[in-house]
Amino acid sequence: MKITVVGAGYVGLVSGACLAEMGNDVLCVDLDNSRIATLTAGGVPIYEPGLKEIIARNVAAGRLRFTTDVEQGVHFGTIQFIAVGTPPDEDGAADLQYVLAAARNIGRTMTDYKLVVDKSTVPVGTADRVREAIAQELARRGVDIPYSVVSNPEFLKEGAAVDDFMRPDRIIVGAEDDRAIHLMSALYAPFQRNHDKLVVMDVRSAELTKYAANAMLATRISFMNELARLAERIGADIELVRKGIGSDPRIGRHFLYAGCGYGGSCFPKDVKALMRSGEEAGVHLEVLQAVESANERQKHVLAEKIVQRFGDDLHGRRFAVWGLAFKPDTDDMREAPSRVLIRELLDRGAQVVAHDPVAMTEARRVFGDLEGLTYADSPMEAAEGADALVMVTEWKAFRSPDFDRLRKALKQPVILDGRNMLEPTLAREAGFEYVPIGRAAA
Ligand SMILES: NC(=O)c1ccc[n+]([C@@H]2O[C@H](COP(=O)([O-])OP(=O)(O)OC[C@H]3O[C@@H](n4cnc5c(N)ncnc54)[C@H](O)[C@@H]3O)[C@@H](O)[C@H]2O)c1
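Residues numbered from 1 in each chain as written. Predicted model: local features only at pLDDT ≥ 70, side-chain atom pairs only at ≥ 80, totals over all residues. Heavy atoms only, no water.

J.: Describe in detail the overall build of the chain, supporting the description with residues and values.
T.: Across its full length, the chain carries 18 helices and 14 strands. Here the C-alpha atoms of the chain give a radius of gyration of 24 Å, agreeing with the 22 Å that 2.2 N^0.38 yields for 442 residues. Sequence separation of at least 24 residues holds for 72% of the intrachain contacts in the chain that already meet a minimum separation of 6. Taking the average location of the 54 positive side-chain charges in the chain and that of its 64 negative ones, the two points are 3 Å from each other. (Helix = DSSP H or I, 4+ residues; strand = E, 2+ residues; numbered from the N terminus. Rg over C-alpha atoms; globule rule 2.2 N^0.38 Å. Contact = heavy atoms within 4.5 Å. Lys, Arg positive; Asp, Glu negative; His and termini not counted. Charge placed at Lys NZ, Arg CZ, Asp CG, Glu CD.)

J.: Requested: an account of the site of the ligand, with residues and values cited.
T.: Close to the ligand lie 25 residues, the nearest being V11, D30, T86, E158 and K269. Within the side chain of E158, an N or O atom sits 2.7 Å from a nitrogen atom of the ligand. For the ligand, whose free accessible area comes to 840 Å², the fraction covered by protein is 89%. Here the residues of the shell around the ligand are counted per class, giving 10 nonpolar, 7 polar and 8 charged. (Near = heavy atom within 4 Å. Polar contact = N/O pair within 3.5 Å; in protein donor to acceptor, adjacent residues only side chain to side chain. Areas by Shrake-Rupley, 256 points an atom, 1.4 Å probe, with all protein chains shown as cover. Nonpolar A, V, L, I, M, F, W, Y, C, P; charged D, E, K, R; others polar.)

J.: Account for the pattern of salt bridges, naming residues and giving values.
T.: Scanning the model with the defined rule gives 30 salt bridges in all. A salt bridge links D25 to R65; its shortest N-O distance comes to 3.5 Å. One end of the pair, D25, is in strand β2 (residues 25–29); the other, R65, is in strand β3 (residues 64–67), and 40 residues separate them in sequence. Accessibility expressed as a relative area gives 28% for D25, which makes it partly exposed. (Salt bridge = Lys/Arg side-chain N within 4 Å of Asp/Glu carboxyl O. Buried < 20%, exposed > 50% of the residue type's maximum accessible area, 1.4 Å probe, protein only.)

J.: Go over the packing of aromatic side chains with me, naming the residues and quoting the values.
T.: How two aromatic rings sit relative to each other is given by the distance of their centres and the angle of their planes. Tallied over the full model, the rule gives 7 aromatic pairs. Counting every residue linked through ring pairs, the aromatic cluster contains F165, Y188 and F191. Lying over the aromatic face of F155, R170 brings its terminal NZ or CZ to 3.7 Å of the ring centre. Its guanidinium or amino end placed over the ring of Y113, R179 lies 3.5 Å from that ring's centre, counting from NZ or CZ. (Phe/Tyr/Trp six-rings, centres within 6.5 Å; stacked < 30°, edge-to-face > 60°. Lys NZ or Arg CZ within 6 Å of the ring centre and 35° of its normal.)

J.: Which residues make up the nonpolar core, and what values go with them?
T.: Core analysis: the biggest nonpolar cluster contains 42 residues, and L51, I55, F81, L115 and Y188 have the highest contact counts within it. By residue number, the principal contributor to this core is helix α1 (residues 10–21), which donates 7 residues. Excluding anything up to four places from it in sequence, F81 contacts I3, T4, V5, V6, L19, V117, K119, N152, L187 and Y188. In terms of nonpolar packing, the next biggest core, distinct from the first, is built from 41 residues, M224, V352, A363 and V435 among them. (Core = buried A, V, L, I, M, F, W, Y, C linked by side-chain atoms within 4.5 Å.)

J.: Outline empty space enclosed by the protein, listing residues and values.
T.: Here the structure, examined in full by the defined rule, presents 2 cavities of 30 Å³ or more. Considered as a void within the structure, the largest cavity measures approximately 40 Å³ in volume. What lines the largest cavity is simply T86, P88, G92, A93, A94, T121, Y211, K269, D270 and A273. The element contributing the most residues to the lining of the largest cavity is helix α11 (residues 267–280), with 3 residues. Within the lining of the largest cavity, the residues separate by chemical class into 5 nonpolar, 3 polar and 2 charged. In this model, the second largest cavity occupies a volume close to 30 Å³. Looking at the second largest cavity, the residues that line it are D118, S120, T121, V122, S151, P153, A206, E207 and K210. For the lining of the second largest cavity, the element with the highest residue contribution is helix α9 (residues 203–234), accounting for 3 residues. (1 Å grid on protein atoms, 1.4 Å probe; cavity = no way out; pocket = protein on both sides within 12 Å on 5 of 7 lines; lining within 4 Å. Points joined across faces, edges and corners; volume = space filled by probe spheres on them.)

J.: Describe the layout of surface pockets, with residues and values.
T.: Where empty space is left in the structure can be found by rolling a water-sized probe over the atoms. In this structure, the second largest pocket encloses a volume near 330 Å³. Considering the residues around the second largest pocket, the lining is formed by 16 residues, among which E232, R233, E304, K305 and Q308 are closest to the centre. Elements supplying a minimum of two residues to the lining of the second largest pocket: α9, α13 (301–310) and β14 (433–435). Of the residues contributing to the lining of the second largest pocket, the split by class is 6 nonpolar, 3 polar and 7 charged.

J.: Before we move on, could you go through the environment of R140 and cite the residues and values that matter?
T.: Topologically, R140 is positioned in helix α6 (residues 126–141). For R140, a relative accessible area of 59% translates into the label exposed. When the C-alpha atoms of R140 and D112 are compared, they prove to be 16 Å apart, with 28 residues separating the residues in sequence.

J.: Before we move on, can you summarise the sheet that holds strand β11 (residues 373–375) with the specific residues and values?
T.: Strand order in the open sheet formed by 6 strands is β11-β10-β9-β12-β13-β14, and the pairing between neighbours is parallel. Looking at which strands have only one partner, the edges of the open sheet turn out to be β11 and β14. The average angle at which neighbouring strand axes cross in this sheet is 20°, direction not considered. Here strand β10 (residues 351–355) pairs with β11 via 3 bridges, running parallel. Residue V352 lies in a different strand from β11, and its bridge partner there is L373. Of the strands in this sheet, β9 (318–322), β12 (388–391), β13 (414–417) and β14 are in contact with α13, which crosses β13 at around 155°. (Pairing = 2+ DSSP bridges. Axes fitted to C-alpha atoms, helices over the stretch in contact; angles between N-to-C directions.)

See below:
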(Lines give C-alpha, C1' and ligand atoms only; values in the text may rest on other atoms or scores of the structure.)
Protein backbone atom coordinates (compact mmCIF):
# COMPACT_ATOMS: atom_id res chain seq x y z
CA MET A 1 0.00 0.00 0.00
CA LYS A 2 1.09 3.57 -0.53
CA ILE A 3 1.05 5.47 2.73
CA THR A 4 1.82 9.05 3.64
CA VAL A 5 2.54 9.85 7.27
CA VAL A 6 2.13 13.52 8.13
CA GLY A 7 4.34 14.43 11.10
CA ALA A 8 7.66 12.63 11.61
CA GLY A 9 7.85 12.76 15.42
CA TYR A 10 7.81 9.91 17.93
CA VAL A 11 4.55 8.52 16.60
CA GLY A 12 4.81 9.37 12.89
CA LEU A 13 8.36 8.20 12.44
CA VAL A 14 7.85 4.94 14.29
CA SER A 15 4.55 4.26 12.49
CA GLY A 16 6.07 5.08 9.10
CA ALA A 17 9.15 2.93 9.67
CA CYS A 18 7.12 -0.05 10.96
CA LEU A 19 4.58 0.19 8.12
CA ALA A 20 7.50 0.19 5.66
CA GLU A 21 8.97 -2.82 7.45
CA MET A 22 5.79 -4.72 6.55
CA GLY A 23 6.38 -4.04 2.86
CA ASN A 24 4.38 -0.84 2.39
CA ASP A 25 5.66 2.20 0.47
CA VAL A 26 5.85 5.04 2.96
CA LEU A 27 6.51 8.74 2.61
CA CYS A 28 6.95 10.73 5.84
CA VAL A 29 6.19 14.44 5.58
CA ASP A 30 7.23 17.01 8.16
CA LEU A 31 7.32 20.80 8.03
CA ASP A 32 10.43 20.86 10.17
CA ASN A 33 13.27 21.26 7.65
CA SER A 34 16.02 20.27 10.04
CA ARG A 35 14.17 17.10 11.06
CA ILE A 36 13.77 16.01 7.44
CA ALA A 37 17.37 17.03 6.61
CA THR A 38 18.62 14.81 9.46
CA LEU A 39 16.50 11.91 8.22
CA THR A 40 17.53 12.27 4.59
CA ALA A 41 21.17 12.40 5.67
CA GLY A 42 20.72 9.01 7.39
CA GLY A 43 20.31 10.34 10.93
CA VAL A 44 17.42 9.91 13.37
CA PRO A 45 16.23 13.03 15.20
CA ILE A 46 14.89 11.17 18.27
CA TYR A 47 16.21 8.38 20.44
CA GLU A 48 14.09 5.26 20.35
CA PRO A 49 15.54 1.74 20.71
CA GLY A 50 15.65 -0.14 17.38
CA LEU A 51 14.36 2.81 15.34
CA LYS A 52 17.65 3.71 13.67
CA GLU A 53 18.09 0.17 12.35
CA ILE A 54 14.55 -0.19 11.04
CA ILE A 55 14.73 3.21 9.31
CA ALA A 56 18.10 2.41 7.72
CA ARG A 57 16.86 -0.98 6.47
CA ASN A 58 13.71 0.41 4.88
CA VAL A 59 15.37 3.47 3.39
CA ALA A 60 17.93 1.15 1.79
CA ALA A 61 15.11 -1.04 0.45
CA GLY A 62 13.49 2.04 -1.10
CA ARG A 63 10.28 1.68 0.93
CA LEU A 64 10.74 4.69 3.23
CA ARG A 65 11.29 8.28 2.18
CA PHE A 66 11.14 11.71 3.78
CA THR A 67 10.08 15.10 2.49
CA THR A 68 8.97 18.57 3.50
CA ASP A 69 6.90 18.82 0.33
CA VAL A 70 3.28 18.76 1.49
CA GLU A 71 1.80 18.42 -2.01
CA GLN A 72 4.03 15.48 -2.80
CA GLY A 73 2.84 13.93 0.45
CA VAL A 74 -0.82 14.32 -0.44
CA HIS A 75 -0.38 12.84 -3.91
CA PHE A 76 1.69 9.91 -2.68
CA GLY A 77 -0.45 7.87 -0.30
CA THR A 78 -3.96 6.50 -0.66
CA ILE A 79 -3.75 6.27 3.12
CA GLN A 80 -2.87 9.56 4.81
CA PHE A 81 -1.90 9.22 8.47
CA ILE A 82 -2.10 12.41 10.50
CA ALA A 83 0.46 12.05 13.31
CA VAL A 84 1.20 15.68 14.17
CA GLY A 85 1.41 17.10 17.68
CA THR A 86 -1.66 18.03 19.73
CA PRO A 87 -0.14 20.12 22.53
CA PRO A 88 -2.34 21.68 25.21
CA ASP A 89 -3.54 25.23 24.56
CA GLU A 90 -3.79 27.81 27.38
CA ASP A 91 -6.89 26.25 28.93
CA GLY A 92 -5.68 22.65 28.69
CA ALA A 93 -7.72 21.65 25.63
CA ALA A 94 -5.88 19.85 22.83
CA ASP A 95 -4.66 22.40 20.30
CA LEU A 96 -5.91 21.06 16.97
CA GLN A 97 -4.28 23.63 14.70
CA TYR A 98 -1.68 21.16 13.35
CA VAL A 99 -4.23 18.40 12.78
CA LEU A 100 -6.61 20.72 10.98
CA ALA A 101 -3.79 22.27 8.93
CA ALA A 102 -2.80 18.76 7.79
CA ALA A 103 -6.46 18.03 6.92
CA ARG A 104 -6.78 21.25 4.90
CA ASN A 105 -3.59 20.42 3.00
CA ILE A 106 -5.14 17.10 2.00
CA GLY A 107 -8.39 18.73 0.84
CA ARG A 108 -6.50 21.42 -1.04
CA THR A 109 -4.41 19.02 -3.09
CA MET A 110 -6.05 15.56 -3.37
CA THR A 111 -7.13 14.32 -6.79
CA ASP A 112 -8.33 10.80 -5.96
CA TYR A 113 -9.77 8.78 -3.03
CA LYS A 114 -7.96 9.25 0.30
CA LEU A 115 -8.35 7.39 3.56
CA VAL A 116 -7.44 9.96 6.20
CA VAL A 117 -6.40 8.36 9.48
CA ASP A 118 -6.30 10.42 12.69
CA LYS A 119 -3.43 8.87 14.62
CA SER A 120 -2.73 11.89 16.80
CA THR A 121 -4.48 11.85 20.17
CA VAL A 122 -7.50 14.06 19.59
CA PRO A 123 -10.69 14.90 21.48
CA VAL A 124 -14.02 13.38 20.61
CA GLY A 125 -15.46 15.12 17.57
CA THR A 126 -12.12 15.80 15.87
CA ALA A 127 -12.75 13.35 13.03
CA ASP A 128 -15.88 15.39 12.23
CA ARG A 129 -13.78 18.55 12.14
CA VAL A 130 -11.17 16.89 9.93
CA ARG A 131 -13.93 15.70 7.58
CA GLU A 132 -15.38 19.21 7.53
CA ALA A 133 -11.99 20.86 6.87
CA ILE A 134 -11.41 18.61 3.86
CA ALA A 135 -14.99 19.14 2.62
CA GLN A 136 -14.52 22.92 2.76
CA GLU A 137 -11.33 22.75 0.71
CA LEU A 138 -12.94 20.49 -1.88
CA ALA A 139 -15.97 22.79 -2.08
CA ARG A 140 -13.68 25.77 -2.53
CA ARG A 141 -12.03 23.97 -5.44
CA GLY A 142 -15.46 23.02 -6.80
CA VAL A 143 -14.56 19.33 -6.95
CA ASP A 144 -16.19 16.24 -5.49
CA ILE A 145 -13.63 13.57 -4.61
CA PRO A 146 -14.44 10.68 -2.28
CA TYR A 147 -12.58 10.29 1.03
CA SER A 148 -13.02 8.67 4.43
CA VAL A 149 -11.85 9.83 7.84
CA VAL A 150 -11.13 7.27 10.54
CA SER A 151 -9.75 7.36 14.04
CA ASN A 152 -6.83 5.05 14.80
CA PRO A 153 -5.31 6.21 18.09
CA GLU A 154 -1.78 5.10 18.88
CA PHE A 155 -0.86 3.26 22.08
CA LEU A 156 2.89 2.88 21.64
CA LYS A 157 5.13 3.66 24.59
CA GLU A 158 8.22 5.77 24.10
CA GLY A 159 11.23 3.60 24.92
CA ALA A 160 9.50 0.51 23.49
CA ALA A 161 7.76 2.16 20.56
CA VAL A 162 9.01 -0.04 17.72
CA ASP A 163 8.13 -3.19 19.62
CA ASP A 164 4.72 -1.84 20.60
CA PHE A 165 3.90 -0.89 17.04
CA MET A 166 5.07 -4.21 15.60
CA ARG A 167 3.29 -6.24 18.29
CA PRO A 168 0.32 -4.17 19.46
CA ASP A 169 -1.98 -5.33 22.28
CA ARG A 170 -4.92 -4.02 20.30
CA ILE A 171 -5.56 -1.91 17.23
CA ILE A 172 -8.44 0.49 17.71
CA VAL A 173 -10.19 1.59 14.55
CA GLY A 174 -13.04 4.05 14.70
CA ALA A 175 -14.70 3.90 11.31
CA GLU A 176 -18.18 4.00 9.96
CA ASP A 177 -17.80 3.17 6.26
CA ASP A 178 -17.06 -0.21 4.75
CA ARG A 179 -14.36 0.93 2.36
CA ALA A 180 -12.38 2.46 5.22
CA ILE A 181 -12.84 -0.57 7.50
CA HIS A 182 -11.73 -2.88 4.70
CA LEU A 183 -8.57 -0.83 3.99
CA MET A 184 -7.68 -0.54 7.69
CA SER A 185 -8.13 -4.30 8.16
CA ALA A 186 -5.86 -5.00 5.19
CA LEU A 187 -3.27 -2.48 6.40
CA TYR A 188 -3.03 -4.03 9.86
CA ALA A 189 -3.36 -7.70 8.81
CA PRO A 190 0.42 -8.30 8.98
CA PHE A 191 0.49 -7.00 12.58
CA GLN A 192 -2.03 -9.54 13.85
CA ARG A 193 -1.23 -12.85 12.22
CA ASN A 194 -1.30 -14.62 15.57
CA HIS A 195 -4.73 -13.48 16.68
CA ASP A 196 -7.23 -10.78 15.83
CA LYS A 197 -6.35 -7.52 17.52
CA LEU A 198 -8.51 -5.15 15.54
CA VAL A 199 -11.30 -3.57 17.57
CA VAL A 200 -13.61 -1.70 15.22
CA MET A 201 -15.98 0.80 16.77
CA ASP A 202 -17.66 4.11 16.06
CA VAL A 203 -15.32 7.07 15.64
CA ARG A 204 -16.26 8.89 18.86
CA SER A 205 -15.72 5.83 21.02
CA ALA A 206 -12.31 5.29 19.40
CA GLU A 207 -11.31 8.88 20.11
CA LEU A 208 -12.38 8.56 23.74
CA THR A 209 -10.68 5.17 24.16
CA LYS A 210 -7.24 6.73 23.80
CA TYR A 211 -7.87 9.35 26.50
CA ALA A 212 -9.51 6.76 28.74
CA ALA A 213 -6.42 4.53 28.54
CA ASN A 214 -3.96 7.29 29.44
CA ALA A 215 -6.21 8.72 32.12
CA MET A 216 -6.56 5.28 33.74
CA LEU A 217 -2.79 4.77 33.80
CA ALA A 218 -2.21 8.25 35.21
CA THR A 219 -4.87 7.54 37.84
CA ARG A 220 -3.07 4.42 39.01
CA ILE A 221 0.19 6.32 39.38
CA SER A 222 -1.33 9.25 41.27
CA PHE A 223 -3.25 6.84 43.51
CA MET A 224 -0.03 5.05 44.46
CA ASN A 225 1.80 8.34 44.96
CA GLU A 226 -0.85 9.54 47.38
CA LEU A 227 -0.74 6.25 49.26
CA ALA A 228 3.06 6.56 49.37
CA ARG A 229 2.72 9.86 51.22
CA LEU A 230 0.38 8.23 53.68
CA ALA A 231 2.61 5.15 54.05
CA GLU A 232 5.56 7.37 54.98
CA ARG A 233 3.54 9.15 57.66
CA ILE A 234 2.11 6.03 59.26
CA GLY A 235 5.11 3.73 59.01
CA ALA A 236 4.02 1.44 56.16
CA ASP A 237 6.04 0.44 53.09
CA ILE A 238 4.45 1.30 49.74
CA GLU A 239 6.57 -1.31 47.92
CA LEU A 240 5.12 -4.08 50.07
CA VAL A 241 1.64 -2.65 49.59
CA ARG A 242 2.24 -2.61 45.82
CA LYS A 243 3.20 -6.28 45.83
CA GLY A 244 0.27 -7.06 48.07
CA ILE A 245 -2.35 -5.51 45.83
CA GLY A 246 -0.71 -6.20 42.44
CA SER A 247 -1.08 -9.94 42.92
CA ASP A 248 -4.86 -9.52 42.72
CA PRO A 249 -5.72 -10.17 39.06
CA ARG A 250 -8.50 -7.60 39.26
CA ILE A 251 -5.82 -5.00 40.00
CA GLY A 252 -2.73 -6.31 38.18
CA ARG A 253 0.91 -5.40 38.68
CA HIS A 254 1.43 -2.67 36.11
CA PHE A 255 1.56 1.06 36.79
CA LEU A 256 1.51 0.74 40.55
CA TYR A 257 4.94 2.19 41.22
CA ALA A 258 5.18 5.16 43.54
CA GLY A 259 7.71 7.75 42.42
CA CYS A 260 8.38 11.41 41.84
CA GLY A 261 5.45 11.94 39.46
CA TYR A 262 4.55 11.11 35.88
CA GLY A 263 5.62 13.29 32.96
CA GLY A 264 6.08 12.92 29.24
CA SER A 265 4.26 14.19 26.22
CA CYS A 266 1.07 12.22 26.83
CA PHE A 267 -0.25 11.68 30.36
CA PRO A 268 -0.15 15.30 31.55
CA LYS A 269 -1.66 16.77 28.39
CA ASP A 270 -4.17 13.99 27.83
CA VAL A 271 -5.48 14.18 31.40
CA LYS A 272 -5.87 17.95 30.99
CA ALA A 273 -7.54 17.61 27.59
CA LEU A 274 -9.99 15.01 28.88
CA MET A 275 -10.90 17.22 31.82
CA ARG A 276 -11.45 20.06 29.38
CA SER A 277 -13.68 17.87 27.19
CA GLY A 278 -15.63 17.05 30.35
CA GLU A 279 -16.09 20.75 31.15
CA GLU A 280 -17.25 21.47 27.61
CA ALA A 281 -19.78 18.65 27.84
CA GLY A 282 -20.95 19.78 31.29
CA VAL A 283 -19.47 16.76 33.07
CA HIS A 284 -16.97 17.62 35.79
CA LEU A 285 -14.39 14.79 35.94
CA GLU A 286 -13.51 14.93 39.64
CA VAL A 287 -11.28 11.89 39.73
CA LEU A 288 -9.06 13.36 37.01
CA GLN A 289 -8.89 16.69 38.79
CA ALA A 290 -7.42 14.86 41.76
CA VAL A 291 -5.10 12.78 39.57
CA GLU A 292 -3.63 15.93 38.10
CA SER A 293 -3.19 17.86 41.30
CA ALA A 294 -1.69 14.83 43.08
CA ASN A 295 0.84 14.60 40.24
CA GLU A 296 1.73 18.29 40.31
CA ARG A 297 2.40 17.96 44.04
CA GLN A 298 4.37 14.76 43.58
CA LYS A 299 6.80 16.40 41.19
CA HIS A 300 8.00 18.43 44.19
CA VAL A 301 8.47 15.45 46.49
CA LEU A 302 12.22 15.12 45.95
CA ALA A 303 12.85 18.82 46.50
CA GLU A 304 10.74 18.63 49.69
CA LYS A 305 12.82 15.73 50.97
CA ILE A 306 16.02 17.62 50.15
CA VAL A 307 14.79 20.68 52.04
CA GLN A 308 13.82 18.48 54.99
CA ARG A 309 17.31 17.00 55.05
CA PHE A 310 19.48 20.01 54.10
CA GLY A 311 17.32 23.02 55.00
CA ASP A 312 15.64 25.79 53.00
CA ASP A 313 18.77 27.52 51.85
CA LEU A 314 20.82 25.33 49.55
CA HIS A 315 23.58 27.82 48.76
CA GLY A 316 26.93 26.05 48.82
CA ARG A 317 25.27 22.64 48.33
CA ARG A 318 25.76 20.48 45.31
CA PHE A 319 23.47 17.71 44.12
CA ALA A 320 24.06 14.95 41.60
CA VAL A 321 20.97 14.20 39.50
CA TRP A 322 20.82 10.83 37.76
CA GLY A 323 18.22 10.81 35.02
CA LEU A 324 16.71 13.70 33.07
CA ALA A 325 14.34 11.99 30.61
CA PHE A 326 10.77 11.58 31.82
CA LYS A 327 11.29 7.82 31.73
CA PRO A 328 14.07 5.42 30.71
CA ASP A 329 14.94 4.52 27.10
CA THR A 330 13.92 7.87 25.71
CA ASP A 331 15.47 11.32 25.36
CA ASP A 332 12.05 12.94 25.75
CA MET A 333 12.01 15.52 28.54
CA ARG A 334 8.53 16.95 28.01
CA GLU A 335 6.97 17.54 31.46
CA ALA A 336 9.75 15.50 33.05
CA PRO A 337 9.89 15.62 36.88
CA SER A 338 13.65 16.35 36.56
CA ARG A 339 12.74 19.79 35.19
CA VAL A 340 10.76 20.72 38.30
CA LEU A 341 13.41 19.34 40.64
CA ILE A 342 16.37 21.03 38.96
CA ARG A 343 14.70 24.43 38.80
CA GLU A 344 13.72 24.19 42.44
CA LEU A 345 17.24 23.25 43.55
CA LEU A 346 18.76 26.06 41.50
CA ASP A 347 16.19 28.56 42.85
CA ARG A 348 17.30 27.64 46.36
CA GLY A 349 20.91 28.37 45.45
CA ALA A 350 22.21 24.82 44.93
CA GLN A 351 24.59 23.60 42.23
CA VAL A 352 23.34 20.67 40.15
CA VAL A 353 25.46 18.22 38.18
CA ALA A 354 23.25 16.05 35.99
CA HIS A 355 23.76 12.90 33.99
CA ASP A 356 21.44 11.01 31.66
CA PRO A 357 22.45 8.18 29.31
CA VAL A 358 20.71 9.75 26.28
CA ALA A 359 18.88 12.97 27.19
CA MET A 360 21.79 15.37 27.74
CA THR A 361 21.54 17.02 24.33
CA GLU A 362 17.82 17.47 24.87
CA ALA A 363 18.50 18.79 28.40
CA ARG A 364 20.89 21.42 27.03
CA ARG A 365 18.18 22.49 24.61
CA VAL A 366 15.49 22.53 27.32
CA PHE A 367 17.46 24.32 30.04
CA GLY A 368 19.69 26.50 27.85
CA ASP A 369 22.40 28.16 29.91
CA LEU A 370 21.15 27.87 33.46
CA GLU A 371 23.51 29.15 36.08
CA GLY A 372 24.42 26.42 38.52
CA LEU A 373 23.56 23.51 36.21
CA THR A 374 26.31 21.45 34.62
CA TYR A 375 26.42 18.03 32.99
CA ALA A 376 28.63 15.03 33.61
CA ASP A 377 29.53 12.33 31.11
CA SER A 378 29.08 9.51 33.59
CA PRO A 379 26.98 8.88 36.71
CA MET A 380 30.11 8.69 38.90
CA GLU A 381 31.45 11.95 37.53
CA ALA A 382 28.13 13.60 38.43
CA ALA A 383 28.39 12.26 41.99
CA GLU A 384 31.88 13.63 42.53
CA GLY A 385 31.85 16.03 45.51
CA ALA A 386 28.04 16.17 45.73
CA ASP A 387 26.17 16.49 49.04
CA ALA A 388 23.65 13.91 47.85
CA LEU A 389 22.69 11.82 44.87
CA VAL A 390 19.14 12.25 43.59
CA MET A 391 17.82 9.45 41.35
CA VAL A 392 15.06 10.70 39.09
CA THR A 393 14.71 8.37 36.07
CA GLU A 394 14.76 4.59 36.42
CA TRP A 395 17.42 3.79 33.83
CA LYS A 396 18.59 0.18 34.18
CA ALA A 397 22.20 1.38 34.42
CA PHE A 398 21.37 3.12 37.74
CA ARG A 399 19.84 0.10 39.43
CA SER A 400 22.99 -1.50 40.71
CA PRO A 401 25.58 1.21 41.31
CA ASP A 402 29.09 0.48 42.56
CA PHE A 403 28.36 1.52 46.14
CA ASP A 404 32.03 1.74 47.17
CA ARG A 405 32.92 4.09 44.35
CA LEU A 406 29.76 6.06 44.91
CA ARG A 407 30.42 6.53 48.62
CA LYS A 408 33.93 7.74 47.88
CA ALA A 409 32.72 10.07 45.15
CA LEU A 410 29.97 11.76 47.20
CA LYS A 411 30.85 14.35 49.83
CA GLN A 412 28.08 12.95 52.03
CA PRO A 413 26.71 9.41 51.58
CA VAL A 414 23.10 10.43 50.98
CA ILE A 415 20.86 8.94 48.26
CA LEU A 416 17.36 10.19 47.48
CA ASP A 417 15.71 7.59 45.29
CA GLY A 418 12.77 9.09 43.41
CA ARG A 419 11.90 5.75 41.76
CA ASN A 420 12.53 3.24 44.57
CA MET A 421 15.17 1.63 42.39
CA LEU A 422 17.54 0.45 45.08
CA GLU A 423 17.16 -2.22 47.72
CA PRO A 424 17.08 -0.23 50.99
CA THR A 425 19.02 -2.77 53.08
CA LEU A 426 21.78 -3.00 50.47
CA ALA A 427 22.12 0.78 50.28
CA ARG A 428 22.12 1.13 54.06
CA GLU A 429 24.57 -1.73 54.61
CA ALA A 430 26.84 0.00 52.10
CA GLY A 431 26.87 2.98 54.45
CA PHE A 432 24.32 5.26 52.80
CA GLU A 433 21.61 7.35 54.28
CA TYR A 434 18.87 6.18 51.91
CA VAL A 435 15.69 8.18 51.29
CA PRO A 436 13.09 6.39 49.11
CA ILE A 437 9.46 7.25 48.31
CA GLY A 438 6.74 5.85 50.54
CA ARG A 439 9.02 3.71 52.66
CA ALA A 440 11.02 4.34 55.82
CA ALA A 441 14.00 6.66 55.33
CA ALA A 442 17.17 6.24 57.38
N1 LIG B 1 4.86 10.36 21.98
C2 LIG B 1 4.11 9.32 22.35
O3 LIG B 1 4.55 8.44 23.08
C4 LIG B 1 2.70 9.21 21.84
C5 LIG B 1 2.01 7.99 22.01
C6 LIG B 1 0.71 7.88 21.53
C7 LIG B 1 0.11 8.97 20.93
N8 LIG B 1 0.77 10.15 20.81
C9 LIG B 1 0.10 11.26 20.13
O10 LIG B 1 0.59 11.34 18.80
C11 LIG B 1 0.65 12.71 18.37
C12 LIG B 1 2.07 13.05 17.93
O13 LIG B 1 2.91 12.94 19.06
P14 LIG B 1 4.51 12.92 18.92
O15 LIG B 1 5.04 12.66 20.27
O16 LIG B 1 4.90 12.06 17.78
O17 LIG B 1 4.74 14.45 18.51
P18 LIG B 1 6.09 15.15 18.01
O19 LIG B 1 6.03 16.53 18.51
O20 LIG B 1 7.27 14.27 18.33
O21 LIG B 1 5.94 15.15 16.41
C22 LIG B 1 4.99 15.89 15.70
C23 LIG B 1 5.62 16.29 14.37
O24 LIG B 1 4.59 16.84 13.53
C25 LIG B 1 5.18 17.86 12.72
N26 LIG B 1 4.10 18.69 12.14
C27 LIG B 1 3.29 19.57 12.74
N28 LIG B 1 2.39 20.08 11.87
C29 LIG B 1 2.63 19.49 10.68
C30 LIG B 1 2.02 19.56 9.39
N31 LIG B 1 0.95 20.34 9.16
N32 LIG B 1 2.55 18.83 8.38
C33 LIG B 1 3.62 18.02 8.60
N34 LIG B 1 4.21 17.88 9.81
C35 LIG B 1 3.73 18.61 10.83
C36 LIG B 1 6.10 18.57 13.68
O37 LIG B 1 7.10 19.29 13.00
C38 LIG B 1 6.68 17.38 14.48
O39 LIG B 1 7.89 16.89 13.92
C40 LIG B 1 0.14 13.52 19.54
O41 LIG B 1 -1.23 13.73 19.39
C42 LIG B 1 0.39 12.62 20.73
O43 LIG B 1 -0.50 12.86 21.79
C44 LIG B 1 2.07 10.29 21.24
